[in-house]
Amino acid sequence: MERFVEDYQKRRLTERVDIMTAINILMSQGYDEDDLLGEITKVFYVDLDAYNEVIGRH
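Below is a summary of the structure that appears in this document. (Residues numbered from 1 in each chain as written. Predicted model: local features only at pLDDT ≥ 70, side-chain atom pairs only at ≥ 80, totals over all residues. Heavy atoms only, no water.)

With that settled, the discussion passes to the environment of Lys 10. With respect to the helices and strands, Lys 10 occurs in the segment before strand 1 (11-13). Taking relative accessible area as the criterion, Lys 10 reaches 17% and is therefore assigned buried. Here the side chain of Lys 10 touches Thr 41 through a polar contact of 2.7 Å, landing on its backbone oxygen. (Helix = DSSP H or I, 4+ residues; strand = E, 2+ residues; numbered from the N terminus. Buried < 20%, exposed > 50% of the residue type's maximum accessible area, 1.4 Å probe, protein only. Polar contact = N/O pair within 3.5 Å; in protein donor to acceptor, adjacent residues only side chain to side chain.)

Moving on, we come to helix 3 (residues 48-57). Within helix 3, the full set of buried residues consists of Ala 50, Tyr 51, Val 54 and Ile 55. The buried residues of helix 3 occupy one face: seen down the axis, they fall within an arc of 125°. In this structure, helix 3 carries Asp 49, Gly 56 and Arg 57 as exposed residues pointing more than 90 degrees from its buried face. Near the N-terminus of helix 3, the side chain that reaches the backbone nitrogen of Asp 49, with its oxygen 3.0 Å away, is that of Asp 47. (Arc of directions from axis to C-beta.)

By the definition in use, this model includes four salt bridges. Of the charged contacts, one joins Asp 18 and Arg 11 as a salt bridge, the two residues approaching to 3.5 Å between their closest N and O atoms. Assessed through its relative accessible area of 27%, Asp 18 is described here as partly exposed. Looking at Arg 11, the relative accessible area reads 47%, which means it is partly exposed. For the salt bridge of Lys 42 with Glu 39, the shortest nitrogen-to-oxygen distance reads 3.0 Å. One end of the pair is Lys 42 and the other is Glu 39, both in helix 2 (residues 33-43) and three residues apart, which spans about a single turn. Among the residues examined, Lys 42 registers a relative accessible area of 38% and is labelled partly exposed. For Glu 39, a relative accessible area of 12% gives the class buried. A network of salt bridges, in which partner residues are shared, links Arg 16, Glu 53 and Arg 57. (Salt bridge = Lys/Arg side-chain N within 4 Å of Asp/Glu carboxyl O.)

So yeah, pure geometry; function would need other evidence.
Below, the structure written as structure tokens:
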């Protein structure tokens, strides 16, 4: 998935439900769990503690 977003345009993902939604969308597009963080951070600033909590339950 090619996405080019300038840093100043990135939205913050801090809510667990928003992070889970992003994960579900990427996984539905065929991304593996190992690729998720790299893809999400191309588009969003991600709360890494919340991300790790969500991915640990996934």
